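Residue-level structural notes
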Amino acid sequence: SAMPQEREPNPALSDPDRPIGYGRVQRKEDPRFIRGRGRYLDDIVLPGMLHGAILRSPVAHARLVSVDTTEALAHPKVRAVVTGKDLEGLNLAWAPTLSADVQAVLATDKVRFQGQEVAFVVADDRYAARDALELIDVEYEDLPPVVDARRALDPGAPVIRDDKEGQTDNHVFDWEAGDAAATDAVFARADVVVSEEVVYPRVHPAPMETCGAIADYEPVEGRLTLYETSQAPHAHRTLFAMVAGIPEHKIRVISPDIGGGFGNKVGIYPGYILAVVGSIVTGRPVKWVEDRSENLMSTSFARDYIMRGEVAATREGKILAVRTTVLADHGAFNATAQPTKYPAGFFSIFTGSYDLEAAHCSVTGVYTNKAPGGVAYACSFRVTEAVYLVERMVDVLAAELAMDPAELRLKNFIRPEQFPYRNKTGWEYDSGDYEPAMRMAMDRIGYADLRREQAERRDRGELMGIGVSFFTETVGAGPRKHMDIVGLGMADGAEVRVHPTGKAVVRLSVQTQGQGHETTFAQILAEELGIPPEDIDVVHGDTDNTPFGLGTYGSRSTPVSGGAVALAARKVKDKARLIAAAMLETRPEDLEWEKGRWFVAGDPTVGKTIAEIALGAHGTVALPEGVDGNLDAEVTYDPPNLTFPFGAYICVVDVDPGTGKVHVRRFVAVDDCGTRINPMIVEGQIHGGLADGVGMALMEFIGFDEQGNCLGGSFMDYLIPTAVEVPDWETGYTVTPSPHHPIGAKGIGESATVGSPPAVVNAVVDALAPFGIRHMDMPCTPARVWAAMQGRPTPP
Ligand code: MCN
Ligand code: CUN
């Protein structure tokens, strides 16, 4: 059972010994998962359920001449075959994306990336559906593909999106932030300017469970029940209502247990829509689950930013300004998920943790013949790219100035008294105290000793590198007045009910994918009401049974829904006071609160616990005017600002001079996410994100050949780190509460993925310094490191 195991000070609260709802409690969901009782999408079997499979394009760019389904339809187990032409008739061939573009559900005119959806087969079982795909005869007429984003805007480049009226090139958007003129002026007078092209390659979230859906359309009542691997069930329901024309109250979206999302399950994929079409056509439930290659080749990739970074500084190492131009590869459809007003996400926070005089960035998005997506994989809406750029560039500057990279950072931090800090591209950092985190990381790893060891090893010809990174994250979107996705304001709901016996249920609009919401959201309520977490049930992932909200991504659950839970609990507490006063025949003003109980000021023995008050609310006591007989409350929380967690990471690597293989020897991570609800879960989030970071820095990569063939379509080619490739993580923390969040908490879910790649790459580059290397692009595979040491061109 969930017993208190450790009590940690929580400076956000008046009593520093009080943890948030018992602190390090074990995860309520784990007994279910450990015993094989998790219920994932593929575990769900509905009576009469059919199975769908998608025929995908083998080529990256081609005109679709014909699709002949005759033979597939003749397969004895096939119930339906759907093509783009069929969807055109239903006005469903194209669906809106989350970024005001459209995406083909099934190709009608052309195929635009390898793996694009061309036809959908519904059959009695998964095997028959797959067999029948081979019976479909498609004629393609090859077109030259656009693979290199740098060539996408060349005059004469093939126009990928000739479906869009007025689209005569492969340009998606231009976006800028900051003050170009002021920045140029600072650059013009700076002692030192460094510049580097920094590429954040295309990677994939690659969750253990791939994406899938089961659609169950009931024609008599016109009801659609849609089981989906979705991080945002409510937003999906609204979009389905808008696209499919099914009234929203007749759609129920259920997200069961999710085996990892990492951003991969934010969007609505053609397969989800096709499952719905399949169910409408056949009158039976239809399940569609993609396989690993489909997942890697066709669903939301991440990054793919080509960045030119520039830093202006004084000779003493004071950073004055940063400037960047970015080419963003968006693939064949602009399907990235981010707040509407931010076409390049939150990339403009690329000023990092430093106090600057000026900054400017411009981002140009282009279409290429690659899978769509763009924002996914613990990205915090492109903060990942921003942090990587600035943290790589600070190291480039350190090399130029022959300064220690940790000292250079310490010299330039935003100082504690400057918070709330408005940066030069318009962000207001809520709180921060950077130097102690940096010092703690340096102490923990023994920074000065390591530098001495490195010098000795270098003398012996050994390649040891120490990489430092310091990041500021920005998570918790809204506020709704500034942020929306396709017009839906970024707020989230929570509903609390205290049952007559004092047990409670809290219903959330966000959706866990492994982050432990069933535990931590119970802890927030436990903290506020004094009901033990084991007596609180957390309900999510079912639009019929939870309040509306935009869902889990951008580490926004704690900042937004967590705020909603705390405020709903406080409403319950206020109401409990009125009811307790009625029960005790006293005035509400005469009552005082201690955790779990209202009592008479001056006579602490006279009081009512939350459980007693709940029973009273549902009992026979006469309730005051305007108080109805329950102990429930609901809140939709519109956060006043984002939260800005931060951290200091230091990585030590050894590079084999013979093979170029990088061994990560140590990794120290000091994180600050404000008030920590459950320190164990926070550490788990950090461990996972650090592994992601090592993976991206050293091995993960979705490459393409010149024809646009995807080279990362299986786990043989797309390498993800295992326990063998990662060190034992050494973590530490500081606590700088968010001043505007109801419990002072900031998000943590993406911090380590954002902050760790630069630490690893900085370490590799530091190890290679004897070769005069100042930068190399991820992933630092043995082949690439070896080539860099030989001064040869980078292999793919
Ligand atoms: N938490 C806490 N104290 C804090 C902050 C967070 O105890 N100060 C807890 C939360 O209550 C929650 C967990 O840590 O249980 C993560 O919280 P939060 O930072 O709010 O992030 P979200 O819950 O919104 O999760 C989203 C985030 C994202 S965007 C990606 S991508 C990612 C990540 O979470 N995907 C994950 N971590 C993941 N972890 C797992 N296991 N699986 C994924 O798919
Ligand atoms: Cu960007 S990946 Mo997470 O926000 O779901």
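Note that the structure is a prediction, hence the values are computed from the model and not measured.

**Some thoughts on the domain arrangement of the protein chain**
Looking at the protein chain, the domain boundaries give domain 1 (41–143 + 210–257 + 265–298), domain 2 (301–389 + 397–477 + 641–790) and domain 3 (492–637). Each of domain 2 and domain 3 has a C-alpha centre, and the two are 39 Å apart. Contact with domain 3 buries area across many residues of domain 2, yet Ile677, Ile681 and Pro742 alone supply 34% of it, more than any other trio. Between the two partners, domain 2 and domain 3, sit zero salt bridges.

**With respect to the site of ligand 1**
Taken together, 33 residues form the shell around ligand 1, and within it Gly261, His517, Thr558, Gln685 and Ile748 come nearest. Within the backbone of Phe262, an N or O atom sits 3.0 Å from an oxygen atom of ligand 1. Here Thr520 contributes a side-chain N or O atom positioned 2.7 Å from an oxygen atom of ligand 1. Within the complex, the protein chains bury 95% of what would otherwise be the 830 Å² of accessible surface of ligand 1.

**Here's the deal with the pairing of strand S14 (residues 286–289)**
Side-chain alternation along S14 places Val286 and Trp288 on one buried face and Lys287 and Val289 on a second face that is also buried. The pairing of strand S1 (residues 50–56) with S14 spans two bridges and is parallel. Paired with His51 across the strands is Lys287, a residue of S14. Pairing geometry for strand S11 (residues 212–218) and S14, over four bridges, is antiparallel. By the bridge assignment for S14, Ala215 is matched with Val286.

**Side note on helix H4 (residues 126–133)**
Restricting attention to buried positions, one finds in H4 the residues Ala128, Ala129, Ala132 and Leu133. The arc that holds every buried residue of H4, seen down its axis, measures 145°, which confines them to one face. Looking at the buried positions of H4, the neighbouring elements they touch are S1, helix H2 (70–74), strand S3 (78–83) and strand S7 (117–123). N-capping of H4 is provided by Asp125, with a side-chain oxygen placed 3.0 Å from the backbone N of Tyr127.

**Here we look at the coordination of the copper atom of ligand 2**
Donation to the copper atom of ligand 2 from the protein comes from one atom only, Cys379 (SG), at 2.0 Å. Note that Cys379 resides in the loop between strand S18 (373–374) and helix H9 (383–401).

**Some points on the site of ligand 2**
Neighbouring ligand 2 are Gln231, Phe262, Gly263, Ala376, Tyr377, Ala378, Cys379, Ser380, Tyr553, Gly554 and Glu750. Contacts to ligand 2 include Gln231, whose side-chain N or O atom sits 2.9 Å from an oxygen atom. Within the shell around ligand 2, the residues separate by chemical class into six nonpolar, four polar and one charged.

**Quick word on the pattern of salt bridges**
Applying the stated criterion to the full structure yields 62 salt bridges. Between Arg32 and Glu518 there is a salt bridge whose closest N-O contact spans 2.9 Å. One end of the pair, Arg32, is in helix H1 (residues 30–34); the other, Glu518, is in helix H13 (residues 517–529), and 486 residues separate them in sequence. The class of Arg32 is partly exposed, set by a relative accessible area of 25%. For Asp109, the salt bridge is made with Arg112, and the minimal N-O distance between the two is 2.8 Å.

Rules behind the numbers
Residues numbered from 1 in each chain as written. Chains lettered and ligands numbered in written order. Predicted model: local features only at pLDDT ≥ 70, side-chain atom pairs only at ≥ 80, totals over all residues. Heavy atoms only, no water. Domains from an automatic or database assignment. Buried area = accessible area lost by both parts, 1.4 Å probe. Salt bridge = Lys/Arg side-chain N within 4 Å of Asp/Glu carboxyl O. Near = heavy atom within 4 Å. Polar contact = N/O pair within 3.5 Å; in protein donor to acceptor, adjacent residues only side chain to side chain. Areas by Shrake-Rupley, 256 points an atom, 1.4 Å probe, with all protein chains shown as cover. Buried < 20%, exposed > 50% of the residue type's maximum accessible area, 1.4 Å probe, protein only. Helix = DSSP H or I, 4+ residues; strand = E, 2+ residues; numbered from the N terminus. Pairing = 2+ DSSP bridges. Arc of directions from axis to C-beta. Contact = heavy atoms within 4.5 Å. Donors = N, O, S within 2.8 Å, 3.2 Å for Na, K, Ca; no water. Nonpolar A, V, L, I, M, F, W, Y, C, P; charged D, E, K, R; others polar.

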